[in-house]
Amino acid sequence: MSMHRDDFDRCRYPATIELALLFDWYDLARQQAIAADVPLLELDWLVLQLTSLDRLALRLRSTQGSMISACIPLSEFEQRWQQRCCDRVPVQYLAGFTTWRSLELRVTPDVLIPRPETEAIIDLVIEAAGDQLDGHWVDLGTGSGAIAIGLAGELKARQAIATVHASDTSVAALAIARQNAADCGICDRLHFHHGSWFEPFHDSDIRFRALISNPPYIPAATVDQLAPEVRDREPRLALDGGETGFDCLSILIDQAPNWLEHDGIWIVEHEASQGRELRDRLCQRGYREVRTVRDLAGLDRFAIARSPL
Ligand SMILES: C[S@@+](CC[C@H](N)C(=O)[O-])C[C@H]1O[C@@H](n2cnc3c(N)ncnc32)[C@H](O)[C@@H]1O
C-alpha cells in the first residue's frame with residue numbers, strides 16, 4: 001500500500017516551527033558555530049535535513065508561509081546544536097543518519113560514520129571482478145553496513161546471482177547494519193554474521209569471490225590525537241589498529257587466502273602512509289597483481305590484489 005504524500009510528510013516531519021523563530025535561532029547558532037570552530041555547512045545540513053525548508057529559502061531567510069514542517073521541535077534543534085558545539089558530537093549522530101553514495105543510512109555512536117573516501121571501494125571491487133560477479137562476497141567489519149549494502153545494491157543492479165556476507169564483532173553495530181539493510185530493501189541478498197573477522201565462517205566451506213574491508217587501521221597513539229569528534233565520539237573499536245595500525249590488516253592478509261576463491265579479489269582501505277608496507281606484505285604472502293589505488297585527494301587509500309595461487 002503506498003503512502004499519501006501528506007501522510008509521508010506528517011510522519012517524517014511531525015513538528016511545525018514558526019519560520020521567524022527558526023531564523024532567530026539559526027543566526028544565534030551560526031555565531032555559536034563560529035566561536036566553537038564548527039563548519040557552518042554542518043548547521044545548514046542539519047536544518048535542511050531535519051526540516052522541509054529548501055536551500056534557497058534558508059539563504060534568503062524567506063518567511064513565506066510563516067510555518068515550516070520539521071522532524072523535531074525548535075527546542076530540540078537548540079539542544080542538539082549545543083551538543084555539536086560544546087560536546088563535539090558529530091552532526092550525523094545528531095541527525096541520526098548520513099548519506100553515503102545514494103544511500104541514507106542510520107548512524108548512532110555504536111557505528112563509525114561512513115566516510116566519503118570509502119565510497120570508491122565499491123566501484124573498485126566491481127571493476128576488478130569484471131563479468132565474474134556471481135557467488136559469495138564478504139565485507140568484514142561492516143559497521144553501519146554501508147559497504148555491504150552498497151555492494152549488494154550494485155550486484156543486484158547487474159543481475160548477479162550473488163550473496164553479500166557482512167560481519168562485525170560489535171553486536172550493537174550489527175543491529176544498526178541490519179536496520180539499514182531493511183530500510184534500503186536489500187535484506188534478501190545480505191547475510192549478517194557476528195564474530196571476529198573470519199571466525200563466523202569457520203564451520204563452513206564457503207569461498208569468497210571478493211573480500212572487502214575498511215578495518216580499524218589507525219595506530220593507537222594517533223587515535224589519541226584525533227579531533228574530539230572522532231576520538232571521543234566514534235567507537236574506538238572502529239578506529240584503533242593497535243600499536244602500528246597493522247593488527248587487523250595483518251589478520252586480513254594472513255587469513256584471507258584460506259577463504260578466497262581461485263583468482264578472488266582482496267581489497268582493503270588503509271591510511272595513506274601504509275601503502276608501501278601493505279604492498280610488501282601482500283607480495284610476501286604470495287598475492288598477485290598487488291597495487292595501490294589513490295583517493296580523490298591523491299592519497300594512497302586502497303590496497304587491491306588477487307588471491308595467491
Ligand atoms: C573503520 S570501521 C568500518 C565500518 C564500515 N565498514 C565503514 O566503512 O564505514 C571498522 C569496523 O570493524 C569492526 N571490527 C573491529 N574489530 C573487529 C573484529 N575483530 N572482527 C570484526 N570486525 C571488527 C568495528 O566494529 C567497525 O565496525
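Refer to the structure presented above.
Reference entry: report on the structure contained in this document. (Residues numbered from 1 in each chain as written. Predicted model: local features only at pLDDT ≥ 70, side-chain atom pairs only at ≥ 80, totals over all residues. Heavy atoms only, no water.)

## So, the overall build of the protein
Looking only at helices and strands, the protein features 14 helices and 11 strands. The C-alpha atoms of the protein give a radius of gyration of 22 Å, which matches the 19 Å a tight globule of 309 residues would have. With the C-alpha coordinates of the protein rotated into their principal frame, the extents come out at 70 × 50 × 30 Å. Every one of the 309 residues in the protein was classed for burial, and the buried ones make up 49%. Nonlocal contacts in the protein, meaning residues at least 24 apart in sequence, comprise 70% of its contacts between residues at least 6 apart. Carbon and sulfur atoms make up 49% of the accessible area of the protein, which totals about 15000 Å². (Helix = DSSP H or I, 4+ residues; strand = E, 2+ residues; numbered from the N terminus. Rg over C-alpha atoms; globule rule 2.2 N^0.38 Å. Buried < 20%, exposed > 50% of the residue type's maximum accessible area, 1.4 Å probe, protein only. Contact = heavy atoms within 4.5 Å. Areas by Shrake-Rupley, 256 points an atom, 1.4 Å probe, with all protein chains shown as cover.)

## A look at helix 13 (residues 247-255)
Listed in full, the buried residues belonging to helix 13 are Cys248, Leu249, Ser250, Leu252 and Ile253. Turning to helix 13, the residues buried within the fold contact strand 5 (135-140), strand 8 (208-213), strand 9 (260-269) and helix 14 (275-284).

## Re unusual backbone geometry
Even without being a glycine, glutamine 159 presents a positive backbone phi close to 60°. By the element assignment, glutamine 159 lies in the loop between helix 8 (146-157) and strand 6 (162-168). In this structure, aspartate 263 takes a positive phi of about 70° despite not being glycine. Tracing the backbone through its elements, the reader meets aspartate 263 in strand 9.

## Thoughts on the site of the ligand
What surrounds the ligand is a group of 17 residues, the closest being Gly141, Asp168, Ser196, Asn214 and Ala238. One nitrogen or oxygen atom from the main chain of glycine 143 is found 3.4 Å from an oxygen atom belonging to the ligand. At 3.5 Å from a nitrogen atom of the ligand is found a main-chain nitrogen or oxygen belonging to threonine 169. Starting from 590 Å² of accessible surface for the ligand in isolation, the protein chains cover 94%. Taken together, the residues of the shell around the ligand break down into 8 nonpolar, 8 polar and 1 charged. (Near = heavy atom within 4 Å. Polar contact = N/O pair within 3.5 Å; in protein donor to acceptor, adjacent residues only side chain to side chain. Nonpolar A, V, L, I, M, F, W, Y, C, P; charged D, E, K, R; others polar.)

## A closer look at the sheet that holds strand 7 (residues 190-194)
As summarised here, the arrangement of the 7 strands in space is 7-6-5-8-9-11-10, forming an open sheet in which the pairing is mixed. Strand pairing shows two members of the sheet lacking a second neighbour, strand 7 and strand 10 (288-294), which therefore form its edges. The average undirected angle you get between the axes of adjacent strands in this sheet is 15°. The sheet contacts of helix 7 (residues 120-129) involve strand 5, strand 8, strand 9, strand 10 and strand 11 (300-306), and relative to strand 9 the element is tilted by about 160°. The sheet strands contacting helix 14 are strand 9, strand 10 and strand 11, and the helix crosses strand 10 at an angle near 165°. (Pairing = 2+ DSSP bridges. Axes fitted to C-alpha atoms, helices over the stretch in contact; angles between N-to-C directions.)

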